[in-house]
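Given next are the chains, with one letter for each unit.
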Amino acid sequence: MMKQGNLMYIQAKNTPKNISIKTSTRNGGFSTAPYDSLNMGYFTGDDVTTVIKNYYLYENITNTHKIVTLNQVHGNDIIEVNHNNAAEVLFSKADGLFTDEYNLPLGVITADCLPVMIAGEKCISSLHCGWRSLNGGIIDNAFKLFQKHNDKVIYAYIGAGICNKCYEVKDDLINQLVEKYKPAECLTKKDDEHYLLDMKKLATNALMFNGLHIDNIEVSSHSSCCNKELYSYRLENGKTGRMVTTIVKNK
Ligand SMILES: [Zn+2]
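Before going into details, it helps to say that this report is about the structure given with it. Please read all numbers here as calculations on a predicted model, not as lab measurements.

1. Quick word on the sheet that holds strand β3 (residues 19-24)
The strands that make up a sheet pair up through hydrogen bonds in the backbone, lying either parallel or antiparallel.
So, point 1. Spatially, the five strands line up as an open sheet ordered β1-β2-β3-β14-β6, and their pairing is antiparallel. Whereas interior strands pair on both sides, the edge strands pair on one side only; in this sheet they are β1 (2-4) and β6 (106-110). Averaged over all adjacent pairs, the angle separating strand axes in this sheet is 25 degrees, with direction ignored.
So, point 2. Packing against the sheet, helix α1 (residues 48-62) makes contact with β1, β2 (7-11), β3, β6 and β14 (243-249), and its axis sits at approximately 60 degrees to β2.

The following block contains the structure:
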């Protein structure tokens, strides 16, 4: 955890050269309860001008300027973004971003869902991964874009999200999980109807399904649910703020 004044953020450790990945925390912003205080989600019910102030502060302190984010919809669409279309792409309904450009931070907004950030030798991608997007193949779609750009994925980061002790799901969800990501490895049975789902493991399996070696996958130990410095949608019954996780390729 990095600290500058009252503002704290998490930084990925094993990123390739020139790649920077950061996640904001709740600390050091302007939003009031239940969004207190560094809410980075525009579509949460929080005052929008306050969210803009939070971004202004966070971008300046972390030197991560003009973060592109989406209006996330739990789908599997990924948008290719560059400096020319970034304004147009901003707030589009989709769950993934992809770019081959420098100094263009791609952002994922979460409070329990996983930010999955992927780096190739040339390109980067940011994915908002709830179970629906993961299960719907958003990670496969990202790998197809790297392939389209003749790039090879060298690293992935699974950021702060809900942990394997807090994400209880019912068998109606389990029955929808596709076999290719080996969901059986990610489930712990609680009783006849309830299971615990390990989302970080499911995302890891989806990355490995696409050929990425486990040694090239960094999994954050931070849990949105168990860490009081992070927002948890589940714990706070949907009335809360969001973190932003960014990936940027610096020149
Ligand atoms: Zn937890």
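2. As for the coordination of the zinc ion
So, point 1. Looking at the zinc ion, one finds its protein donor set to be Cys-163 (SG), Cys-166 (SG), Cys-225 (SG) and Cys-226 (SG), positioned 2.3 to 2.4 Å from the metal centre.
So, point 2. Given four donor atoms and angles of 103 to 127 degrees at the metal, the environment of the zinc ion is assigned as tetrahedral.
So, point 3. Taken in sequence order, the residues that donate to the zinc ion follow the motif C-x2-C-x58-C-C. In this pair, Cys-166 sits in the loop between β9 (153-158) and β10 (168-170) while Cys-226 sits in the loop between β13 (217-219) and β14, placing the two residues 60 residues apart along the sequence.

3. Quick notes on the sheet that holds β10
So, point 1. Here three strands make up an open sheet; going across it, the order is β10-β12-β11 and the pairing antiparallel. The open sheet has two edge strands, β10 and β11 (187-189), and neither has a second partner. The average angle at which neighbouring strand axes cross in this sheet is 40 degrees, direction not considered.
So, point 2. The pairing of β11 with strand β12 (residues 194-197) spans three bridges and is classified as antiparallel. For Lys-189, the partnering residue across the bridge sits in β12 and is Tyr-195.

4. Focus: a negative patch on the surface
So, point 1. A contiguous patch of negative charge on the surface is contributed by Asp-172, Asp-191, Asp-192 and Glu-193.
So, point 2. Inspection of the secondary structure assignment puts Asp-172 in helix α5 (residues 171-174).

5. Section: the pattern of salt bridges
So, point 1. According to the stated counting rule, one finds six salt bridges in the structure shown.
So, point 2. Here Lys-180 makes a salt bridge to Asp-140, at a shortest N to O gap of 2.8 Å. You can see Lys-180 sitting in the loop between α5 and β11 and its partner Asp-140 sitting in helix α4 (residues 138-148), a full 40 residues away along the chain.
So, point 3. For Asp-140, a relative accessible area of 8% puts it in the buried group.
So, point 4. A salt bridge links Lys-190 to Glu-168; its shortest N-O distance comes to 2.9 Å. Here Lys-190, found in the loop between β11 and β12, pairs with Glu-168, found in strand β10; they are 22 residues apart in sequence, far enough to count as distant.
So, point 5. We classify Lys-190 as exposed; its relative accessible area is 51%.
So, point 6. Salt bridges here are not isolated pairs; linked through shared partners, they connect Arg-26, Asp-36 and Glu-236.

6. Observations concerning the layout of surface pockets
So, point 1. If you add up the space inside the largest pocket, you get close to 580 Å³.
So, point 2. For the largest pocket, the lining is made up of 25 residues, of which His-74, Cys-113, His-128, Tyr-233 and Arg-242 are closest to its centre.
So, point 3. For the lining of the largest pocket, the secondary-structure elements that each account for two or more residues are β6 and α3 (131-135).
So, point 4. Considering only residue class, the lining of the largest pocket consists of 12 nonpolar, nine polar and four charged.
So, point 5. Lining the second largest pocket are 13 residues; nearest its centre among them are Tyr-42, Glu-59, Lys-66, Ile-67 and Leu-90.
So, point 6. Broken down by secondary-structure element, the contributors of at least two residues to the lining of the second largest pocket are α1 and α2 (86-89).
So, point 7. Here the lining of the second largest pocket is composed, by residue class, of 10 nonpolar, one polar and two charged.

About the thresholds
Residues numbered from 1 in each chain as written. Predicted model: local features only at pLDDT ≥ 70, side-chain atom pairs only at ≥ 80, totals over all residues. Heavy atoms only, no water. Pairing = 2+ DSSP bridges. Helix = DSSP H or I, 4+ residues; strand = E, 2+ residues; numbered from the N terminus. Axes fitted to C-alpha atoms, helices over the stretch in contact; angles between N-to-C directions. Contact = heavy atoms within 4.5 Å. Donors = N, O, S within 2.8 Å, 3.2 Å for Na, K, Ca; no water. Tetrahedral: all angles 85-135°; square planar, octahedral: opposite > 155°, others 65-115°. Patch = residues over 30% accessible without salt bridge, like charges linked within 9 Å, V, L, I, M, F, W, Y side chains within 5 Å. Areas by Shrake-Rupley, 256 points an atom, 1.4 Å probe, with all protein chains shown as cover. Salt bridge = Lys/Arg side-chain N within 4 Å of Asp/Glu carboxyl O. Lys, Arg positive; Asp, Glu negative; His and termini not counted. Charge placed at Lys NZ, Arg CZ, Asp CG, Glu CD. Buried < 20%, exposed > 50% of the residue type's maximum accessible area, 1.4 Å probe, protein only. 1 Å grid on protein atoms, 1.4 Å probe; cavity = no way out; pocket = protein on both sides within 12 Å on 5 of 7 lines; lining within 4 Å. Points joined across faces, edges and corners; volume = space filled by probe spheres on them. Nonpolar A, V, L, I, M, F, W, Y, C, P; charged D, E, K, R; others polar.

So, to be careful, I would describe these as geometric facts and stop short of saying anything about function.
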